[in-house]
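# Tertiary structure, described
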Protein chains: 2
Amino acid sequence: MSEVKLEPGKMTKGEQTKAVILETALELFRERGYEETTMRAIAERANVALGNAYYYFRSKEHLIQAFYSRTHEERLAASLELLEREPDLQKRLLGILHKMLETIEPYHKFAGVLFRTAADPESPLNPFSADSEPTRRQSIAMFAQVLEGANVKLPKDLKEELPYLLWLYHMGITLFWIHDASPERRRTYRLTERTVDIVVKLIKLGSNPLMRPLRKAALRLVAELREADA
Amino acid sequence: MSEVKLEPGKMTKGEQTKAVILETALELFRERGYEETTMRAIAERANVALGNAYYYFRSKEHLIQAFYSRTHEERLAASLELLEREPDLQKRLLGILHKMLETIEPYHKFAGVLFRTAADPESPLNPFSADSEPTRRQSIAMFAQVLEGANVKLPKDLKEELPYLLWLYHMGITLFWIHDASPERRRTYRLTERTVDIVVKLIKLGSNPLMRPLRKAALRLVAELREADA
DNA sequence: GTCTATAACCGGATAGAC
DNA sequence: GTCTATCCGGTTATAGAC
């Protein structure tokens, strides 16, 4: 599923070891969940000493961070093709969200821990933190691309803020997914389909010149909240 | 601040011990934060054995749950008077939210941990969990009261779902508060004032007979999502 | 700079005696 | 109900090998 090539030719020994440890950890996380996976077990299956695991990953949580950027990249890659091919906004958005859900599905079992640490304002894993700024920026940029290539015209003010709002929206979907215990995550898919429809309608409605005053007011509120991210 | 009388006359020895442990724990949490407070330190200052602390509280997290229901009750009490006196919906809602923010303010320092555990779907602290059902129900009931005594007429379908929606809204405010590092939590207060205004306008708009189809559609979506709480 | 092995520390949690 | 002893696992420290 999430196989990653460990090309020994292109990697130093250290990079290889690090990669092996990460793969092993994710494997165990998927098998048993996060809490149930001990650092000792990871080291053992990866055939390294416990101390060595800590040499490459400062803590168990840092393994999660590595996981984050990995799935994030997978997701970007998986989305590219769609973005080049599909012009319809609604289909673009829905497609992106589906790709995302597919990418993270294997990890649903330990999603709770992910989110738990992510929700802590002190944690570097917090998606609003300075630490995750690069990933966040990339992610928001992707939503900008979703809009960019679509067959819609947006007023400038909305166009600027919308990628961020869509990113927030996708975080909301993710939050729902985490709590979704339905078979095959049906509820999440249903929610996604319904809300994408609403979101697209709202975007079109909000672009209407008549809505300018309301739109301005709403965007000002959003801008204000955004400041609080720090 | 959060002094609670420990009336020995009215309590069995066990209840007393339990109360002492809880008070000591909250004291230490406020002093040093959650992570920095060890169960051993709590037991020591409370003059009980470590094992005894675990006799009364199944885990360190369960101390948080006790804290929850405590502030929850304080909040209910603080809100009662307002609800009996004020007829204007907007003022009622704003007042309730202000009371809430006041009650939790002393604990802002370890609010992160609160939310972190609360966000874990597995955790009993999760506000959507079965474990927190009693508190949740009470809280939703309070929002029903906010509507009940107000000078507005609502269509039946909306009246039924709205308390839950307001509860969700207040959770959103809380989430923002957790991440709010501004002096005196100014941002949170500003956000609250602005959004309360919007919420009340939306409620009035949504009650308009012309909005019936849209309202029905929205409420159906909400009802569907609500099922997923389990 | 990469890695092993081993021991130890710390704190949450549990068992079982009294 | 209360205690002591113990386990368990994240984390650290050390000392040394390639």
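Scroll up to find the structure.
A short tour of the structure in this document, coming up. Residue numbers run consecutively from 1 along every chain, following the written order of its sequence. To label them, take the chains in the order written and letter them from A, then take the ligands in the order written and number them from 1. Local features are withheld for residues below a pLDDT of 70 in this predicted model, meaning they are given only at 70 or higher, and side-chain atom pairs are given and counted only at 80 or more; totals for whole chains, interfaces and linings count all residues. Side-chain metrics in this entry use all non-hydrogen atoms of the structure; hydrogen atoms and water are not considered.

Of regular secondary structure, chain A possesses ten helices and zero strands. Counted from the first residue to the last, chain A has its helices and strands arranged as α-α-α-α-α-α-α-α-α-α. Per-residue accessibility takes into account occlusion by the displayed protein chains alone, with areas from the Shrake-Rupley method and a 1.4 Å probe. For chain A, the computed accessible surface area is about 12,400 Å², with 56% contributed by carbon and sulfur atoms. Positive residues here are Lys and Arg, negative ones are Asp and Glu, while His and the chain termini are left out of the count. To locate a charge, take NZ of a lysine, CZ of an arginine, CG of an aspartate or CD of a glutamate. In chain A, 35 side chains carry a positive charge and 33 a negative one; their mean positions are 3 Å apart. Helix and strand definitions here come from DSSP, where helices need a minimum of 4 consecutive H or I residues and strands a minimum of 2 consecutive E residues; each element is numbered from the N-terminal end.

This part takes up the protein's contact with DNA strand D. Met39, Arg40 and Lys60 of chain A together with Ala49 and Tyr56 of chain B are the nearest of the 17 residues found near DNA strand D. Only heavy atoms are used to decide nearness, and a residue is near a molecule or strand if one of them lies within 4 Å of it. Sugar plus phosphate: this is where 60% of the atoms of DNA strand D within 4 Å of the protein reside. Two N or O atoms form a polar contact when they lie within 3.5 Å of each other; inside protein one atom must be a possible hydrogen donor and the other a possible acceptor, and for residues adjacent in sequence the pair counts only when both atoms belong to side chains. Here a phosphate oxygen of DNA strand D sits 3.1 Å away from a polar atom, N or O, in the side chain of Tyr55 of chain B. In this structure, a phosphate oxygen belonging to DNA strand D sits 2.8 Å away from a side-chain N or O atom of Tyr56 of chain B. Those elements giving two or more residues to the surface near DNA strand D turn out to be helix 2 (39-45) and helix 3 (50-56) of chain A together with helix 1 (13-32) and helix 3 (50-56) of chain B. With four residues, helix 3 of chain B is the largest single contributor of residues to the surface near DNA strand D. A per-class count over the surface near DNA strand D returns seven nonpolar, seven polar and three charged. Residues are grouped as follows: nonpolar covers Ala, Val, Leu, Ile, Met, Phe, Trp, Tyr, Cys and Pro; charged covers Asp, Glu, Lys and Arg; every other residue, Gly included, is treated as polar.

Glancing now at the relation of the copies chain B and chain A. A least-squares fit on C-alpha atoms brings the copies together, and the residues used are those whose pLDDT is at least 70 in both copies. At an RMSD of 0.5 Å, chain B and chain A line up after a rotation of 179 degrees and a shift of 0.1 Å along the axis. The operation mapping one copy onto its partner corresponds to a two-fold rotation axis. The C-alpha atom lying nearest the rotation axis in chain B is that of Arg116 of chain B; the distance is 2.5 Å. The contact definition used throughout considers only heavy atoms, calling two residues in contact when any of these lie within 4.5 Å. Here 100% of the contact residues of chain B are again contact residues in chain A; the copies associate through an equivalent surface.

Residues and elements named next belong to chain A. Here a pair means two rings of Phe, Tyr or Trp (six-membered ring of Trp) with centres within 6.5 Å. Their orientation is stacked below 30 degrees between planes, edge-to-face above 60, and tilted elsewhere. Taken as a whole and judged by the stated rule, the model has ten aromatic pairs over all chains. When the ring of Tyr55 is compared with that of Tyr56, the centres are 4.9 Å apart and the planes differ by 90 degrees; the resulting orientation is edge-to-face. Grouping aromatic residues by their ring pairs yields a cluster made of Phe67, Tyr68 and Tyr107. Positioned above the aromatic ring of Phe57, the side-chain terminus of Lys18 is 5.4 Å from the ring centre. Here, a charge over a ring is recorded when the distance from Lys NZ or Arg CZ to the ring centre is within 6 Å and its angle to the ring normal is within 35 degrees.

Right, let's talk about the interface of chain B and chain A for a bit. Between chain B and chain A, the residue contacts involve 23 residues of the former and 23 residues of the latter. Summing both sides of the interface, chain B and chain A together bury roughly 2,200 Å²; the carbon and sulfur share of this comes to 61%. Looking at the side of chain B facing chain A, the largest losses of area belong to Arg116, His179 and Glu224 of chain B, adding up to 23% of the total buried there. Put simply, a salt bridge is a Lys or Arg side-chain nitrogen that is within 4 Å of an Asp or Glu carboxyl oxygen. Where chain B packs against chain A, one counts four salt bridges. Its salt-bridge partner being Arg194 of chain B, residue Glu224 of chain A comes within 3.3 Å of it at the nearest N-O pair. Here the buried area means the combined drop in accessible surface, using a 1.4 Å probe, for two parts upon being joined, counting both sides.

Let us look at the packing of helix 5 (residues 89-104) of chain B against helix 7 (residues 133-148) of chain B. Residue and element names in this part refer to chain B. What counts as an axis is a line fitted to C-alpha atoms, over the stretch in contact for a helix, and the angles between N-to-C directions run from 0 to 180 degrees. Where helix 5 contacts helix 7, the axes come no closer than 9 Å and their chain directions differ by 155 degrees. If you check the angle between helix 5 and helix 7, you find them roughly antiparallel. Helix 7 is crossed by helix 5, and the crossing has right-handed handedness. For the pair helix 5 and helix 7, contact is made by Leu89, Arg92, Leu93 and Ile96 and by Met142, Phe143, Gln145, Val146 and Leu147, respectively. The class makeup of the residues in the contact of helix 5 with helix 7 is seven nonpolar, one polar and one charged. Any angle between 65 and 115 degrees counts as roughly perpendicular, while under 35 counts as roughly parallel, over 145 as roughly antiparallel, and the rest as oblique. Handedness of each helix crossing follows the sense of rotation of the near helix against the far helix: counterclockwise by less than a right angle gives left-handed, clockwise gives right-handed.

Below, the discussion takes up the environment of Thr38 of chain A. Residues and elements named next belong to chain A. Looking at where Thr38 falls in the secondary structure, it is placed in the loop between helix 1 (13-32) and helix 2. Each residue is assigned to one of three classes by its accessible area relative to the maximum for its type, calculated with a 1.4 Å probe on protein chains only: buried under 20%, partly exposed between the two thresholds, exposed over 50%. Residue class for Thr38 comes out partly exposed when judged on its relative accessible area of 39%. A C-alpha to C-alpha distance of 8.8 Å links Thr38 and Lys60, two positions 22 residues apart in sequence. Separated by 2.9 Å, the side chain of Thr38 and the backbone nitrogen of Ala41 make a polar contact.

Below, the discussion takes up the protein's contact with DNA strand C. Around DNA strand C sit 18 residues, and of these Thr17, Asn52 and Tyr56 of chain A together with Met39 and Arg40 of chain B come closest. Within 4 Å of the protein, the contacting atoms of DNA strand C are 66% sugar and phosphate, with bases supplying the remainder. Taking Asn52 of chain A, its side chain carries an N or O atom lying 2.4 Å from a phosphate oxygen of DNA strand C. Within the contact set of DNA strand C, a phosphate oxygen lies 3.1 Å away from a side-chain nitrogen or oxygen of Tyr55 of chain A. Secondary-structure elements contributing two or more residues to the surface near DNA strand C are helix 1 and helix 3 of chain A together with helix 2 (39-45) and helix 3 of chain B. Taken together, the residues that form the surface near DNA strand C break down as seven nonpolar, seven polar and four charged.

On to helix 8 (residues 156-179) of chain A, then. Along an α-helix, residues three or four apart share an orientation, since each turn contains 3.6 residues. Multiplying 1.5 Å by the helix residue count minus one yields the expected span of that helix. In a regular helix each residue adds 1.5 Å, so 24 residues correspond to 34 Å; helix 8 of chain A covers 36 Å between its end C-alpha atoms and thus fits that length. Approximately 40 degrees is the largest bend angle found in helix 8 of chain A, and it occurs at Leu162 of chain A, with the proline Pro163 of chain A only one to four residues beyond. To obtain the bend at a residue, axes are fitted to the seven residues ending there and to the seven starting there, and the angle between these axes is taken.

Residues and elements named next belong to chain A. Even without being a glycine, Glu184 presents a positive backbone phi close to 55 degrees. Structurally, Glu184 is set in the loop between helix 8 and helix 9 (186-207). Look at Arg185: it is not a glycine, yet its phi comes out positive at around 55 degrees. Along the chain, Arg185 falls in the loop between helix 8 and helix 9.

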